[in-house]
Amino acid sequence: MNYLDAFRDPGLAHSLAAAIAAETDPVRPYRLMEFCGGHTHAIVRSGLQQLLPPNVRFVHGPGCPVCVLSIARLDQAIAMALAHGVILCTYGDLMRVPASHRQSLLKAKAAGADVRMIYSTQDVLRIARAEPSRQVVFMAIGFETTAPATAVAVLQAQAEGLSNLSFLCNHVLTPPALRAILAEPGPEGVQLDGIIGPAHVSTIIGSRPYAFVPREFHIPLVIAGFEPLDVMQAALMLIRRLNAGQSCVENQYRRAVSEAGNIRALEFMSRVFVIRPSFEWRGLGTLPASALALGPEFAAFDAEQRFPVEVNNPTAETKGCECPAILRGLKEPTDCRLFGTACTPEHPLGACMVSSEGACAAYWSYGRSAGRGSSGQRAAAG
Ligand code: SF4
């Protein structure tokens, strides 16, 4: 048996569902936000919502690295590629995300910009070595999961004296985003009873940085792996804590996450990055101390300093696109009137339909109403 099969066993998923049904108080809501887009895909792909009692709801969160990139930052990268003639390298998902004025990196490429899709930071270093007469910019995005690899690439570029490589740093931090969602007041905010904490991010930062969730917001958080049984078990753990009136941080994903996280990866990050005073997120607005920039000693590798561009466009979303509300847990993809009509993976109008971790892409791939209350969708965990 494949190691992962053990975490996808339909029989065990149904056993967990039965335990959840038995332990759920039918008169109270259990609104559990899965922060991470990887969890959203596991939930929708395996039909986990349909296994749960109607008062236990998964609420999709903002943990999709492509989706949370603001349009202004995308415009900045496009302007850099067009105005400065650099080789702009980035991950594939970003290429088709709509920017202002119906632009995208892919359209900029079609218009003559040298935009290249890469799979890892090593590709970027290879391109910079191979084309010493060209300036190469790596548009780095992602949460704490991908930031260590960027940090290592910066150090490698410095050690090799690569003067034609720089970094457009868009790395963002999970705890400030979580805090922003939990702190959003009144009817504007999403009502949550528990949090399913991210898997990959937590392998880097550990479980400690989430301590503020129970301390300040008095709800439990369970870090969970990405397999269907991980998510079901995390839901059961949260329901037990809620029934007991307890709020704490628990770690369901012990096979990969420790309390302290990955010390070496964190060291690389702290050597290279500083925390930005503020940063604009798609959907969440401008959040203090929520993103990373290159530290002063790496200024020579900072694309924002090397290739300044003016981006004055008002960064309006595509008319009718509900990505911002989806990223805040206030709406679901099927609440968007463009879903599956004007907006499809072939013709995306928002980031949530483009990214492999986006909620709209998950609903499209695994069933248009698979996330909520529908019956007859794909069998759970199978
Ligand atoms: S369906 Fe398309 S337009 Fe609607 S929220 Fe999703 S990405 Fe945005």
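Being a predicted model, the structure only gives us computed values, none of them experimental.

Engineer: Can you walk me through the site of the ligand in this structure?
Structural biologist: With respect to spatial proximity, the complete set of residues near the ligand consists of C321, E322, C323, I326, C336, L338, F339, C343, G350, M353 and C360. Of the residues belonging to the shell around the ligand, the class tally is 9 nonpolar, 1 polar and 1 charged.

Engineer: Quick question: what am I supposed to make of helix α3 (residues 71-84) here?
Structural biologist: In a regular helix each residue adds 1.5 Å, so 14 residues correspond to 20 Å; α3 covers 20 Å between its end C-alpha atoms and thus fits that length. Burial of α3 is extensive: 11 of the 14 residues sit out of reach of the surface. Looking only at α3, the buried set comprises I71, A72, R73, L74, D75, Q76, A77, I78, A79, M80 and A81. Backbone geometry just downstream of α3 places G85 in the positive-phi region, at approximately 65°.

Engineer: Please clarify how the confidence of the model for the protein chain should be interpreted in this entry.
Structural biologist: If pLDDT is low for a region, its predicted coordinates should not be looked at in detail. Confidence in the prediction for the protein chain averages 92 pLDDT; 93% of positions are at 70 or higher. Note on residues 370-382: pLDDT under 50 across the span, and 37 contacts to partners over four residues away in sequence or across chains.

Engineer: Even after reading the chapter, I still don't get the environment of G92, so can you show me in this structure?
Structural biologist: Among the secondary structure elements, G92 is positioned in the loop between β3 (87-91) and α4 (105-110). Ignoring sequence-local partners within four residues, the contact set of G92 consists of M117 and I118.

Engineer: Mind showing me how you'd approach the side chain of H60 here?
Structural biologist: Inspection of the secondary structure assignment puts H60 in strand β2 (residues 56-63). Among the polar contacts made by the side chain of H60, one reaches the side chain of E34 at a distance of 2.4 Å. Within the structure, H60 has its side chain in polar contact with the side chain of Y363 (distance 2.7 Å). If sequence neighbours within four positions are ignored, H60 has contacts with M33, E34, T40, I326, G329, P333 and Y363.

Engineer: Got a minute to help me understand the state of the cysteines in this structure?
Structural biologist: By definition, a disulfide is the covalent link that joins the sulfur atoms of two cysteine residues. One pass over the full model with this rule turns up 1 disulfide. Two residues, C64 and C67, share a disulfide whose sulfurs are 2.4 Å apart. Disulfide C64-C67: the torsion about the S-S bond is 70°, which places it as right-handed.

Engineer: Just to check I follow, could you spell out the sheet that holds strand β8 (residues 221-223) for this structure?
Structural biologist: Two orientations exist for strands paired in a sheet by backbone hydrogen bonds: parallel and antiparallel. Judged by pairing direction, the sheet is parallel, and its 5 strands sit side by side in the order β2-β1-β7-β8-β9 without closing on themselves. Whereas interior strands pair on both sides, the edge strands pair on one side only; in this sheet they are β2 and β9 (249-251). Neighbour to neighbour, the strand axes of the sheet diverge by 25° on average, direction disregarded. Bridge count between strand β1 (residues 30-36) and β2: 6 bridges; the pairing is parallel. Bridging across to β2, L32 finds its partner in F58. Helix-sheet contacts for helix α2 (residues 37-45) involve β1, β2 and β7 (194-197), and the interaxial angle to β1 is about 120°.

Engineer: Sorry if this is basic, but what is going on with the sheet that holds strand β4 (residues 114-118) here?
Structural biologist: Overall, parallel pairing links the 4 strands, which are arranged β4-β3-β5-β6 in an open sheet. Each edge of the open sheet is held by one strand with a lone partner, namely β4 and β6 (165-171). Averaged over all pairs of adjacent strands, the angle between strand axes in this sheet comes to 25°, irrespective of strand direction. Direction of pairing for β3 relative to strand β5 (residues 136-142): parallel, over a ladder of 3 bridges. Residue pairing across strands places I87 opposite V136, the latter belonging to β5. Each of β5 and β6 touches helix α6 (residues 147-160); the most contacted strand, β6, lies at about 160° to it.

Engineer: Sorry, what's going on with the packing of aromatic side chains here?
Structural biologist: Under the definition given, this model contains 6 aromatic pairs. Between F35 and F143, the aromatic rings sit 5.9 Å apart at their centres with planes inclined by 75°, giving edge-to-face as the arrangement. Of this pair, F35 sits in strand β1 while F143 sits in the loop between β5 and α6, and the two are 108 residues apart along the sequence. Taking the relative accessible area as the measure of exposure, F35 reaches 1% and is therefore buried. Ring geometry for F138 versus F167: centroids 6.2 Å apart, planes at 85°, classification edge-to-face. Taken together, the residues span a long stretch of sequence, with F138 in strand β5 and F167 in strand β6 at a distance of 29 residues. This pair shows no difference in class: F138 is buried, exactly as F167 is.

Engineer: Sorry if this is basic, but what is going on with the packing of α2 against helix α15 (residues 359-366) here?
Structural biologist: Angle between the axes and distance between the axes: these two values describe a pair of packed helices. Look at α2 against α15: their axes get within 9 Å of each other, and the N-to-C directions meet at 20°. What the angle tells us is that α2 and α15 run roughly parallel. The two elements α2 and α15 meet at a crossing, and its hand is right-handed. Here α2 contributes T40, H41, V44 and R45 to the contact with α15, which in turn contributes A359, A361, A362, Y363 and Y366. Class assignment for the residues of the contact of α2 with α15 results in 6 nonpolar, 2 polar and 1 charged.

Engineer: What is the right way to look at helix α11 (residues 263-272) in this model?
Structural biologist: Given 3.6 residues to a turn, an α-helix orients residues that are three or four positions apart in the same direction. Regarding α11, the residues found buried are A265, F268, M269 and V272. The arc that holds the buried residues of α11, viewed along the axis, is 95°, so those residues lie on one side. Relative to its buried face, α11 has exposed residues pointing more than 90 degrees away, namely S270 and R271. In the core, the buried residues of α11 are packed alongside α6, α8 (200-205), β10 (273-275) and β13 (292-294).

Quick notes on the rules
- Residues numbered from 1 in each chain as written.
- Predicted model: local features only at pLDDT ≥ 70, side-chain atom pairs only at ≥ 80, totals over all residues.
- Heavy atoms only, no water.
- Near = heavy atom within 4 Å.
- Nonpolar A, V, L, I, M, F, W, Y, C, P; charged D, E, K, R; others polar.
- Helix = DSSP H or I, 4+ residues; strand = E, 2+ residues; numbered from the N terminus.
- Expected span 1.5 Å × (residues − 1).
- Buried < 20%, exposed > 50% of the residue type's maximum accessible area, 1.4 Å probe, protein only.
- pLDDT = per-residue confidence, 0-100.
- Contact = heavy atoms within 4.5 Å.
- Polar contact = N/O pair within 3.5 Å; in protein donor to acceptor, adjacent residues only side chain to side chain.
- Disulfide = S-S within 2.5 Å.
- Pairing = 2+ DSSP bridges.
- Axes fitted to C-alpha atoms, helices over the stretch in contact; angles between N-to-C directions.
- Phe/Tyr/Trp six-rings, centres within 6.5 Å; stacked < 30°, edge-to-face > 60°.
- Parallel < 35°, antiparallel > 145°, perpendicular 65-115°, else oblique.
- Left-handed = near helix turned anticlockwise from the far one by under 90°.
- Arc of directions from axis to C-beta.

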